[in-house]
Amino acid sequence: MRQETRRKEIIRLLSQVDEPISAKEIAQDLGLGAKDVRKIYAHLDHVAKSVRSNGKRLLMIPPRCKECGYVFNNMRRARLPNRCPRCKSERIEPPRFIIK
Ligand SMILES: [Zn+2]
C-alpha cells in the first residue's frame, strides 16, 4: 500500500516538473535520503507501465558519460550505469525523467 502511495507521489511530481529531473532529485523532493535513490529506479519501472494505461509516457533522458560524452541509449530499465563502456570512466551523468 505504501508502495502504491509512493508511486502516485512520483507520478504527480513528474507530471508537474518543467524539466526532466534525476532519481536523486525525486528522492529529495519526496523527503527521502540518498540511500533510497535505488528504490526510486525500481518505482520508475512500475510508473512507466501505469502511466501508459492513462495515455501518458514516462520519458527518460538517457545517462551520459561526463568524460567522453557516450550516451546510454537502448536501456531497457531505469538505472544509473556503473561505468562507461567506451572510456571506462565512472563519472556518469544520471538519467532524468519527466511524464508527458
Ligand atoms: Zn566515456
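In case you missed it, the structure is sitting above this.
Small disclaimer: the values here were computed from a predicted structure and weren't measured. By convention here, each chain's residues receive numbers from 1 onward along its written sequence. Per-residue local features are limited, in this predicted model, to residues with pLDDT of at least 70; the limit for side-chain atom pairs, both in listing and counting, is 80 or more; totals at the level of whole chains, interfaces and linings are taken over all residues.

1. Some thoughts on the pairing of strand β5 (residues 96-99)
Okay, so step 1: Any two strands with at least two DSSP bridges between them are considered paired. Each helix is a run of H or I in the DSSP string that is no shorter than four residues. Each strand is a run of E no shorter than two, and both are numbered from the N terminus. With 2 bridges joining them, strand β1 (residues 21-22) and β5 adopt antiparallel strand pairing. In the sheet register, Ile21 faces β5, and the bridge partner there is Phe97.
Okay, so step 2: Sheet topology places strand β2 (residues 58-61) next to β5; 4 bridges connect them, and they run antiparallel. Counted as the bridge partner of Leu59 is Ile98 from β5.

2. A few points about the environment of Gly31
Okay, so step 1: Tracing the backbone through its elements, the reader meets Gly31 in the loop between α2 (23-29) and α3 (37-52).
Okay, so step 2: Here the alpha-carbon distance between Gly31 and Pro81, two residues 50 residues apart in the chain, equals 24 Å.

3. Notes on unusual backbone geometry
For residues that are not glycine, phi is negative in most cases, and the peptide bond is trans in most cases.
Okay, so step 1: At Asn74, a residue that is not glycine, the phi angle is positive and equals roughly 60°.
Okay, so step 2: Along the polypeptide, Asn74 turns up in the loop between β3 (64-65) and β4 (92-93).
Okay, so step 3: For Lys88, which is not glycine, the phi torsion reads 70° and is therefore positive.
Okay, so step 4: Counting through the fold element by element, Lys88 comes out in the loop between β3 and β4.

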